[in-house]
Every structure is written in C-alpha cells, then in structure tokens.
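Results of the structural survey
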Amino acid sequence: MSNEPRPTQLRESSSVIRTAMVTVASGGVTFLITNGLRQDAGISIMLSILIGGIALMVRFLVDFEKRLLAVEKLEKDGMADVKRLIGDAFSEISEATALFGLIEASALQTDLVTQLVRNSTQISPNSPPIVYQFAQAKIKEMSEFLKQLAEGGTTTYYGEDRDWLLGLTKTATKSIDAISMAAVDHDLWESEIGQRYLDAQRRAAGDGKRVRRIFVLDDPEMADDPRLRQVYEEQSGMKIRVRLLDWAKVLTPLRVQVRDLIIFDEILAYETMPTTGDPRRAQVAETRLVLTSSRVREYADLFEELWEASSELHPVQDGQRKA
C-alpha cells in the first residue's frame, strides 16, 4: 500500500496552515499598528492576541459552516438515494406481487408456472453460450405462442409440427374430426409420427371421445387400393369412424375450402399446407393452428357437409377379388 497522503488529507492540512497563517498575520499586523501608535507593550500584545483569536474564530466558523453545508448536502443526496432505492424496491415487490396474483388467478396450474420460472432461473449467462441462447429462444417462442393462444388468432409453424399434433390429440376432451388429403397423408400412416398420431387417436376413441376421419379420394378407383383398404379397416377397428369422399362429389363452391385439417373439440383447428408439385411427393410446407372462433366454426360446418357427402367403404365383391 502507498504511504502518499490522500488529496483530502492534503486539503485539510493546507486549510490548517492557512488558518494558522491568517491568525499569526492578524496578530502581527495588530501588534505593529498598536506599537506604531506608541501603546503600552502589554496592551499591544493583548490586542494582538485578541484580534488573532477573533480571526481564528471567524475562520473556524467559516470552515464549520462550509462543512455543515457539505454534510447537509450529503444528507439530502443520501436521503434521495435511499428514497429512490426504497421506491424501486417497493415497485419491484409490487410488480412481483401482481405477477404472482396473476399466476394464481390463471386457469393454468400454479405449480406448473412456478416450476417453469424456477427452472428457467437455473440457466445463467455463465452457462455454455449455445445452451443460454437456445433457452432464451425457446422461452421467447413459448411466450409468443401463449400470447397467440390467449388472443385467439392464428399461429404458424414452418414445416410439420409434431408437438402440436400429438399434444392436441392427447388433450382433446370431446371430439377429433379430421380431413385427410392424399397430397399430405400419402405416406403418413407408415411414418413414425403417423403411428404415434394414430395410437393417440386410438386411445382417445377408447376413452369415449368422438373420432372421425374423411379420406378425400382424388380418383374413385382409389377406393379399391389395398393400402387404403388396409388403413380403413385398421382405423375402423380402433373405434375411429372412417368414411371415403370422392372428390367429384364435392360441391363446386366447397372445393376451394377443402384442405387437410383436424378440428379439436370444435374449438381449435390444426391445418397443414402441402408443398406444390406431385401430390405423391408433396411434403408439409407449413402448419397453422387456428383459434379464431368464426374460422373454426366454418371448418366445423365444412366437415359436417363433407361427412354427409361421404360414405363408408363397400366390401370387395367376389368377382372383384378374383379379378
């Protein structure tokens, strides 16, 4: 550590020296004046001491007043800082209390929300950058998703989102109505996600929920396709109500509305848009989650019209089997 005097110490030492010099100078000048006036030496010395003492007291009072003003200023600044800190603290406490009140009033389970907050606090800036950035992105994505769900709009995912599909199928409480287009579902039932989706529907139907599916056929001869018949019979055996719809039987005004979609509980619609090109090679370009009540109602009405126009699969005749 350095033994050099601090600036504050230097200023205080300089002030003391100046005070001493003013006192001595005042006494000296008084002594010279009284001595010049041929006053008695005792009186000259007494007056010099008196004037010097007065000068010292005046200097002391001036310095004391300056220090007192400085202390008062520091006290005011300190009180202002304390008030600001207390105000900020109470503001944060009030905000936290209001937020916790909203959590308790939410329809979501309080322990799940608090668990999310608690787990998110375990990710810190000291975590690996990729972990920190990925966690930030997922929290932001979830926040925006919940906002859109609450506002009842439309959420879009570019590509095929399996989490929405499987999650909604598992949490449906009343009904699942699906329109399956060949442009999207041509290889769905053999895929891993298709099998998981079908198993979730099987469980829903087994629990007493209404599960219906319309297979839209581009060509009436597709009804004799062995693969389609196998899928039809397999799903029918799972208590899923299945019908076939010939595209030619769809009313012309409705054709522009027909698309691959699933309606859950007649409240929420899951819609997939295929890529352009050969329907047998088409893939899911984007997935939409529609929560607008009027739009979902249109989808539900569309499904009912198509369901009435569709029919069950007819058994294969003996002559067709031999052929």
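Residues numbered from 1 in each chain as written. Predicted model: local features only at pLDDT ≥ 70, side-chain atom pairs only at ≥ 80, totals over all residues. Heavy atoms only, no water.

The next point concerns the overall build of the protein. Along its length, the protein carries 11 helices and 7 strands. Out of the 323 residues belonging to the protein, those deemed buried represent 30%. Within the protein, counting contacts between residues at least 6 apart in sequence, those at least 24 apart form 69% of the total. When the accessible surface of the protein is totalled, it reaches about 22100 Å², and 59% of it is carbon and sulfur. (Helix = DSSP H or I, 4+ residues; strand = E, 2+ residues; numbered from the N terminus. Buried < 20%, exposed > 50% of the residue type's maximum accessible area, 1.4 Å probe, protein only. Contact = heavy atoms within 4.5 Å. Areas by Shrake-Rupley, 256 points an atom, 1.4 Å probe, with all protein chains shown as cover.)

This part is about the sheet that holds strand E6 (residues 268–274). Spatial strand order, E1-E7-E6-E5-E2-E3-E4: 7 strands in an open sheet with mixed pairing. Either end of the sheet is taken by a strand with one partner, and the two such strands are strand E1 (154–157) and strand E4 (241–246). Averaged over all pairs of adjacent strands, the angle between their axes in this sheet comes to 15 degrees, without regard to strand direction. Alignment of strand E2 (residues 175–181) against strand E3 (residues 210–217), held across 7 bridges, turns out to be parallel. Bridge pairing in E3 places serine 180 opposite phenylalanine 215. (Pairing = 2+ DSSP bridges. Axes fitted to C-alpha atoms, helices over the stretch in contact; angles between N-to-C directions.)

Under the defined criterion, the tally for this structure stands at 15 salt bridges. The closest approach of N and O atoms between arginine 196 and glutamate 192, which form a salt bridge, is 2.2 Å. Within this pair, arginine 196 and its partner glutamate 192 are both found in helix H7 (residues 192–206), separated by 4 residues, close to a single helical turn. The class for arginine 196 is partly exposed, based on a relative accessible area of 48%. A relative accessible area of 40% means that glutamate 192 is categorised as partly exposed. A salt bridge links arginine 295 to glutamate 298; its shortest N-O distance comes to 2.9 Å. Pair noted here: arginine 295 and glutamate 298 are both in helix H10 (residues 293–309), with a separation of 3 residues, about one helical turn. Given a relative accessible area of 32%, arginine 295 falls into the partly exposed group. Through salt bridges with shared partners, a single ionic network connects Asp177, Arg210, Arg212, Glu266 and Glu304. (Salt bridge = Lys/Arg side-chain N within 4 Å of Asp/Glu carboxyl O.)

In this section: the packing of aromatic side chains. Under the definition given, this model contains 4 aromatic pairs. Ring plane angle 75 degrees and centroid distance 6.3 Å describe the contact between tryptophan 189 and phenylalanine 215, whose orientation is recorded as edge-to-face. Placement of tryptophan 189 in the loop between helix H6 (182–185) and H7 and of phenylalanine 215 in strand E3 is noted, with a sequence separation of 26 residues between them. The exposure class assigned to phenylalanine 215 is buried, which follows from its relative accessible area of 7%. Measuring from centroid to centroid gives 5.9 Å for phenylalanine 303 and tryptophan 307, while their planes differ by 20 degrees, and the two rings are stacked. (Phe/Tyr/Trp six-rings, centres within 6.5 Å; stacked < 30°, edge-to-face > 60°.)

This part covers the pairing of E3. Among the 8 residues that make up E3, 7 are buried, leaving the element largely enclosed by the rest of the structure. Note: E3 against E4, 6 bridges, orientation parallel. Bridge assignment links arginine 213 to a residue of E4, and that residue is valine 242. Read as a crossover between parallel neighbours, the route from E3 over helix H8 (residues 226–236) to E4 is right-handed. (Right-handed = clockwise from strand over helix to strand, strands pointing away.)

Counting through the fold element by element, aspartate 246 comes out in strand E4. Judged by relative accessible area, which is 16%, aspartate 246 ranks as buried. Along the chain, aspartate 246 and valine 216 lie 30 residues apart, while their C-alpha atoms are 6.1 Å from each other. Discounting residues that sit within four places of it in the chain, aspartate 246 has contacts with Leu217 and Pro220.

This brings us to a nonpolar patch on the surface. Judged by side-chain polarity, Ile123, Ile130 and Val131 come together as a nonpolar surface patch covering roughly 260 Å² of accessible area. Relative to the helices and strands, valine 131 resides in helix H4 (residues 129–151). (Patch = residues over 30% accessible without salt bridge, like charges linked within 9 Å, V, L, I, M, F, W, Y side chains within 5 Å.)

In this structure, Tyr197, Phe215, Leu244, Ile262, Phe264 and Tyr270 are the most contacted members of the largest nonpolar core, which totals 33 residues. Sorting the residues of this core by element identifies helix H5 (162–171), E2, H7, E3, H8, E4, strand E5 (261–264) and E6 as the ones contributing at least two each. Looking at which element gives the most residues to this core, the answer is H7, with 5 residues. Excluding its chain neighbours within four sequence positions, the residues that come into contact with phenylalanine 215 are Ser180, Trp189, Leu228, Val231, Gln235, Val242, Arg243, Leu244 and Leu245. Ile179, Met181, Val290 and Ala300 belong to the second largest nonpolar core, which has 19 residues in total. (Core = buried A, V, L, I, M, F, W, Y, C linked by side-chain atoms within 4.5 Å.)

Contact geometry for H5 and H7: axes closest at 9 Å, N-to-C directions at 15 degrees. Considering their axes alone, H5 and H7 lie roughly parallel with respect to each other. Remark: the crossing between H5 and H7 carries left-handed chirality. Here Arg162, Leu165, Leu166, Thr169 and Lys170 of H5 come into contact with H7, specifically with Glu192, Ile193, Arg196, Tyr197, Ala200, Gln201 and Ala204. (Parallel < 35°, antiparallel > 145°, perpendicular 65-115°, else oblique. Left-handed = near helix turned anticlockwise from the far one by under 90°.)

The next point concerns the pairing of E2. Counting buried residues along E2, 7 of its 7 residues qualify, which places the element largely inside the surrounding structure. Burial along E2 is two-sided: Ser175, Asp177, Ile179 and Met181 facing one way and Ile176, Ala178 and Ser180 facing the other are all buried. As judged from the 4 bridges shared by E2 and E5, these two strands associate in the antiparallel manner. Within E5, the residue paired with isoleucine 179 across the bridge is leucine 261.

The analysis is restricted to geometry; functional conclusions fall outside its scope.
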